[in-house]
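An overview of the molecular structure
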Amino acid sequence: TNEQALRRLPLLTEINIYIFTLTFAILHVVLQPTGLEPIVASVCFGNLFGLILPYLAIIASFVHIFIRPCLEFCLYAGAYESIVLEYKYVWIVCVLLINMAVAITDTSHRAVEGADYRYNRSRYLDDAAGKFWDSCEDYITTTVVPWKENATLDPKRQYIFACHPHGIHCTPLGQFHCKGTPFDKRFPGICDNKLSGLAASIVFKLPGVREFFLSLNYIDASRNVVEDALEAHRSLFICTGSGEESLLTKRGEDVLVLSRRRGFIRMALMYGCDIVPIFGIGNSDLFATYSWAMGARMWMQKKLHISIPIFHGRYLTPLPYKVPIQVLVGEPLKVPEPKVRGEKPDDATVDSYLKKYIERVKDMHKQHTTDRKLTIR
């Protein structure tokens with residue numbers, strides 16, 4: 001992606017992204033020779049929605065390493081202890097509040113143009129940080145399985161890639177973040193060609209988490225932003241089950257919230273986008289989950305759009321269980337070109353295509369599994 005064409009982000013967000021990039025690059029350099037890099041990267045992946053905690057730790061380390069000598073050189077010996085450490089809770093809270101203010105007021109996640117992968121892998125720092133995340137593949141092996149051996153996807157077509165199941169983290173979404181993924185190698189020309197992911201609005205309001213998503217090619221999943229993206233001839237990838245499906249995750253079973261999800265079908269029909277089913281076999285098995293207080297948590301998800309799954313990985317940590325994942329790529333469900341681009345189809349047509357899509361997902365799952373139950377709600 002041309003760096004000059006990327007969407008503009010707030011200065012603080014750019015600084016935070018650089019801090020994370022530097023941290024992940026250092027972790028790569030330090031951990032890669034030890035063989036621990038895949039494990040640490042996988043722990044970071046498992047703790048994705050808790051990035052605010054390591055972010056604050058990184059800021060504190062930065063202050064200790066760089067600010068301390070500056071204060072003691074410019075002011076007096078002991079200035080660090082008497083100024084920084086004495087008021088550590090004050091400035092930590094201030095850093096958090098400033099980040100929250102930016103997260104609440106920023107609208108860059110609604111910008112469609114330039115919503116692309118921000119890392120330039122020709123630069124050492126970006127490449128080292130990218131290799132840190134790439135090492136997850138050495139812990140959680142991912143293989144892409146197309147619907148037939150000689151399957152192809154035309155890069156000139158506009159698609160909606162519908163990913164299932166959500167799991168705790170929707171691992172199949174990672175196949176669409178950038179060039180070089182197993183999906184990109186199998187279907188070249190898709191990942192670097194006006195492709196954006198959809199994420200819930202709340203994701204972009206969480207300090208630490210929002211930087212992760214904004215450094216990738218994600219935009220807000222609200223309807224008007226989606227319409228803007230499709231009008232701009234962007235392809236989209238989305239986990240259709242959203243947070244509700246995450247709460248229903250069970251090991252050994254694939255639970256999809258799909259029977260009432262008409263939105264992505266309607267959008268596909270409005271803009272003539274073929275729908276490609278993506279299914280991650282094994283994604284539901286990465287973490288153990290619990291149904292404690294499910295009623296209250298489901299109420300929060302439906303009313304407040306906040307999902308709080310209760311889960312853990314190996315040794316009661318965020319380290320995922322070591323489960324290989326098969327990313328099934330189904331044959332695209334062809335939709336007709338609309339007479340007027342952006343015109344809403346009637347409900348009967350939407351329901352008809354949703355039924356066709358569900359049958360295609362069922363067939364794909366049945367073809368590649370023998371001992372996994374598929375539940376569609």
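See above for the structure.
Calculation rules
- Each residue is numbered by its place in its chain's sequence as written, counting from 1.
- Residues qualify for local features only when their pLDDT is at least 70, as the model is predicted, and side-chain atom pairs are given and counted only at 80 or more; totals for whole chains, interfaces and linings, by contrast, use all residues.
- Only heavy atoms go into the side-chain values, all of them from the structure, while hydrogens and water stay out.
- Only when DSSP finds a minimum of two bridges between them are two strands counted as paired.
- Counting from the N terminus, the helices are DSSP H or I runs at least four residues long and the strands are E runs at least two residues long.
- For helices, the fitted line uses only the C-alpha atoms of the stretch in contact; every axis is such a line through C-alpha atoms, and the angle between N-to-C directions lies from 0 to 180 degrees.
- Contacts are residue-level and defined by heavy atoms, with any inter-residue pair within 4.5 Å sufficient.
- Partly exposed describes any residue whose relative accessible area lies between the buried limit of under 20% and the exposed limit of over 50%, with all areas from a 1.4 Å probe on protein chains only and scaled to the type maximum.
- Only four residue types enter the charge count: Lys and Arg as positive, Asp and Glu as negative, with His and the chain ends excluded.
- The salt bridge definition used is simple: a Lys or Arg side-chain nitrogen within 4 Å of an Asp or Glu carboxyl oxygen.
- Here a polar contact means two N or O atoms within 3.5 Å. Within protein one must be a hydrogen donor candidate and the other an acceptor candidate, and residues neighboring in sequence count only if both atoms are side-chain atoms.
- Pairing of aromatic rings covers Phe, Tyr and Trp, the last counted by its six-membered ring, and requires centre-to-centre distances within 6.5 Å; plane angles under 30 degrees mean stacked, over 60 mean edge-to-face, and any other angle means tilted.
- Two conditions define a charge sitting above a ring: the NZ of Lys or the CZ of Arg must be within 6 Å of the ring centre, and it must be within 35 degrees of the ring normal.
- Left-handed describes a crossing whose near helix is turned anticlockwise from the far helix through less than a right angle; right-handed describes the clockwise counterpart.
- We call a set of buried residues a nonpolar core when its members are Ala, Val, Leu, Ile, Met, Phe, Trp, Tyr or Cys and they connect through side-chain atoms within 4.5 Å of each other.

Some points on the sheet that holds strand β4 (residues 218-220)
The strands that make up a sheet pair up through hydrogen bonds in the backbone, lying either parallel or antiparallel. Strand order in the open sheet formed by seven strands is β1-β10-β7-β2-β5-β3-β4, and the pairing between neighbours is mixed. The sheet is open, and its two edges are formed by β1 (142-146) and β4, each paired on a single side. Taken over all neighbouring pairs, the strand axes of this sheet differ in orientation by 25° on average, direction set aside. Pairing of strand β7 (residues 274-281) with strand β10 (residues 325-329), which is carried by four bridges, proceeds in the antiparallel orientation. Its bridge partner being in β10, I278 is matched across the sheet by V329. Sitting on the sheet, helix α10 (residues 223-231) is in contact with β3 (195-199), β4 and β5 (235-239), with an inclination near 130° to β4. In the packing of helix α12 (residues 263-271) onto the sheet, the strands contacted are β2 (159-164) and β7, and the crossing angle to β2 comes to about 165°.

Observations concerning the side chain of E245
As for its placement among the helices and strands, E245 is situated in helix α11 (residues 242-247). Despite its burial, E245 pairs with no opposite charge, the nearest such side chain being R261 at 6.7 Å. A distance of 2.6 Å separates a polar side-chain atom of E245 from the backbone nitrogen of H166. Not counting the four nearest positions on each side in its chain, E245 is found in contact with P165, H166, C239, V255, L256 and V257.

With respect to the packing of aromatic side chains
Under the defined criterion, the tally for this structure stands at 21 aromatic pairs. Measuring from centroid to centroid gives 4.6 Å for F176 and F183, while their planes differ by 55°, and the two rings are tilted. Centroid distance F212 to F213: 5.6 Å. Interplanar angle 80°. Geometry classified as edge-to-face. The same class applies to F212 as to F213, namely buried. Looking at K356, its charged tip hangs above the ring of Y353, at a distance of 4.4 Å from the centre.

A word on the pattern of salt bridges
In this structure the tally under the stated criterion is 18 salt bridges. Here R372 and D254 are joined by a salt bridge, their closest N and O atoms 3.0 Å apart. Remark: D254 occurs in strand β6 (residues 253-256) and R372 occurs in the loop between α14 (347-368) and β11 (373-376); sequence separation between them is 118 residues.

Here we look at the packing of α10 against α12
Each pair of packed helices gets described by two things: the angle between the helix axes and the distance between those axes. With their axes 11 Å apart at the nearest point, α10 and α12 run at an angle of 35° to one another. Crossing geometry of α10 relative to α12 is assigned as right-handed. Residues R223, V226, E227, L230 and E231 of α10 form the contact with α12, whose participating residues are M267, M270 and Y271.

Looking at the pairing of β10
With four of five residues buried, β10 is to be regarded as a mostly interior element. Pairing of β1 with β10, which is carried by five bridges, proceeds in the parallel orientation. For V144, the partnering residue across the bridge sits in β10 and is V327.

Remarks on the side chain of D274
With respect to the helices and strands, the residue D274 is situated in strand β7. A distance of 3.4 Å separates the side chain of D274 from the backbone nitrogen of V335, its partner in a polar contact. Setting aside chain neighbours within four positions, we find D274 in contact with R157, Q158, Y159, I160, P332, L333, K334 and V335.

Here's the deal with the nonpolar core
Side chains that are nonpolar tend, in soluble globular proteins, to be buried together. Judged by nonpolar contacts, the single largest core of 60 residues is most densely connected at F161, F183 and F213. Sorting elements by how many residues they give to this core places helix α3 (residues 52-74) first, with five residues. Sequence-distant contacts of F161, that is, excluding residues within four places in its chain, are made with L153, F176, F183, I190, L195, L236, F237, I238, V276 and I278.

Examining the environment of V40
Here V40 lies in helix α2 (residues 37-46). Overall, the relative accessible area of 26% leaves V40 in the partly exposed class. Sequence separation of V40 and N120 is 80 residues, and the distance between their C-alpha atoms is 23 Å. Discounting residues that sit within four places of it in the chain, V40 has contacts with L31 and F132.

Brief notes about unusual backbone geometry
Residues other than glycine predominantly adopt negative phi, and peptide bonds predominantly adopt the trans conformation. Between H164 and the following residue, P165, the backbone shows a cis peptide bond with an omega angle of -25°. Here P165 is to be found in the loop between β2 and α8 (182-186). Even without being a glycine, A293 presents a positive backbone phi close to 55°. Tracing the backbone through its elements, the reader meets A293 in the loop between β8 (288-290) and α13 (294-304). Judged by its relative accessible area of 52%, A293 falls in the exposed class. Phi is positive for Y315, which is not a glycine, with a value near 55°. Relative to the elements of secondary structure, Y315 occurs in the loop between β9 (310-312) and β10.

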